[in-house]
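# Descriptive analysis of the structure
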Amino acid sequence: MLRFRPKAGNPFLILGLLFLIWLLLPAAIKRIGQNALYEFQAPSAVLASYIEDVGAYWSVRTRSKRDLIETGKELSRLNALYRIQAGETEALRAYNLRLRDLLDIPPPPGFRYEVAQVVRRDLSNWWQYITIRKGRSAGIVPGNGVVFSGGIVGRVREVYAYTSVVELISSRTFRMAAHFSGDTRPVRYEGALIPSLTNPKGSVRDVPSDIYASPEAPVSLVSSRLGGVFPDGLLIGEVRYLETDSSGLFQSGIVQLNEDLLDLNEVTVIVLTDPAAQEIFGSNR
Amino acid sequence: MKLFRQAFVALTANCLVLFFVLELNSLISFLSIYLTVGGIFIVYPALSMPARAGFPVVLLTGALWDAATPVPFGLFLFFLGALYVGLQRIRHRFRSRRSLHLAFVSSGVNLLLFVMIGLWFLPSVGLTDYLLRFFFELILSEALVFLLSFWIFSLQERSVDLLGAQPVPDEMT
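## A look at the overall build of chain B
A tally of helices and strands in chain B yields six helices and zero strands. Listing each helix as α and each strand as β along chain B from the N terminus yields α-α-α-α-α-α. For 173 residues, the compact-globule estimate of 2.2 N^0.38 gives 16 Å, and chain B sits close to it at 16 Å. Once local pairs closer than 6 in sequence are excluded, the contacts in chain B between residues at least 24 apart make up 77%.

Below you can see the structure in the form of structure tokens.
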């Protein structure tokens, strides 16, 4: 049986002293420590991601040739459709540039797209983040927008050497400028708490009172270029119900986000190509 | 050297559990469920190791957990540290080192940790949704901690035995 020792209070004293030292420690040293520990454990997550890729490769190898041929045919049909759409987009882009030249409008900031695999998903009641397998080496900076085939994913929060942490649009602390499809007036989108076993959602505020949404006729909420992060028109989610808020002037409602947001495997980071914009972006974050 | 071996075993086991739980959470993210098993990190160092080895192990585990999750750096470090000193203070009450007793202790410590985290991140709006998910995840996390305890403590005991670093009662001060 262990006896009660008079030195039993020492651990409390040591913890108290450590806490005091922690409070007085410069933020730079804490940051260095955090980065060092993050980079120390990051390879384990990246390794798990590569092992998952290998597993997916071998599971595809076990499928029959007939299945693979059918999938290949379906993909080639999709490719043909996307080539046609890409051609139309190019024509629209060229028309847009001619109009900008005629009206002497400055060009919007240019983007390039960096595709990245998702390494880990941290989607809790307290935070909503994912880690991707691209970092500083790919030119990503904090604040870059992240998208996927279903629309907006979120914003890059932290960047390390070979990985980045992305805050999802379903995060409670996420905010962005948006507008409804077919309407140019800006509204505010915010992330919201997600109960377990339900689809992700957010909220929209400052909606003009003349906009109407119903479950039979939902309205699409899309990104606005006002924030300078996302191109205009990328899908955020659908709004099926709007109600007048406490001010009586505007409406607010729940935004149903894409359910694939909780199970992402691959995303695309929108990296600004304009050096001046990159510098502003990097310094503001 | 013996202390170092004990600390090495405890830290490695904690890192293993941390890695597996983070990967598990990533796999079940589509269900909007997130499991927290931080209580397991404290029990073995607090009950079966001297403070000179156990305390740094717990603090380092907390720092690694902080770095791997998007929380203010130092949050889990001090949460785990506070729970460690509390458990260490009363460890003379836990005479039994049977797996079942340790599993109950782990669940109790994890419950306290869960409540501390829940209070830290308490939202100002949407309390109903928050509490519903909080209690649902608490139940699942407690179940996981209880089941995981049997394996992880046995692993740590065997590893310490293999390395010849089993602490004697005089060292447990």
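## So, the sheet that holds strand β5 (residues 164-168) of chain A
All names here are of chain A. A barrel is described by the order of its strands in space; here six strands give the closed sequence β1-β2-β5-β4-β3-β12, paired in antiparallel fashion. For this sheet, the mean angle separating the axes of adjacent strands, direction not counted, is 45°. Two strands pair when backbone bridges link them, and strand β1 (residues 111-123) and strand β2 (residues 128-132) are joined in this way by five bridges, in the antiparallel orientation. Along β2, the bridge assignment pairs Arg120 with Thr131. Relative to β1, helix α2 (residues 27-61) is tilted by about 100°, and along the sheet it contacts β1 and β2.

## Some words on the pairing of strand β10 (residues 235-244) of chain A
Residue and element names in this part refer to chain A. Relative to β10, strand β9 (residues 219-223) is paired through four bridges, and the arrangement is antiparallel. Its bridge partner being in β10, Val219 is matched across the sheet by Val239. Here β10 pairs with strand β11 (residues 250-257) via six bridges, running antiparallel. Bridge pairing in β11 places Thr244 opposite Gln251.

## Brief notes about helix α3 (residues 65-103) of chain A
Helical periodicity: at 3.6 residues per turn, an α-helix aligns residues three or four positions apart in one direction. All names here are of chain A. Taking 1.5 Å as the rise per residue, α3 with 39 residues should run 57 Å; its terminal C-alpha atoms sit 56 Å apart, in good agreement. Across the 39 residues of α3, zero count as buried, placing the element largely on the outside. In the segment just after α3, Asp104 is the residue with positive phi, at about 60°.

Conventions adopted
Residues numbered from 1 in each chain as written. Chains lettered and ligands numbered in written order. Predicted model: local features only at pLDDT ≥ 70, side-chain atom pairs only at ≥ 80, totals over all residues. Helix = DSSP H or I, 4+ residues; strand = E, 2+ residues; numbered from the N terminus. Rg over C-alpha atoms; globule rule 2.2 N^0.38 Å. Contact = placed C-beta atoms within 7 Å. Pairing = 2+ DSSP bridges. Axes fitted to C-alpha atoms, helices over the stretch in contact; angles between N-to-C directions. Expected span 1.5 Å × (residues − 1). Buried ≥ 20, exposed ≤ 12 C-beta atoms within 10 Å, placed from the backbone.

In short, shape yes, function no, at least from these values alone.
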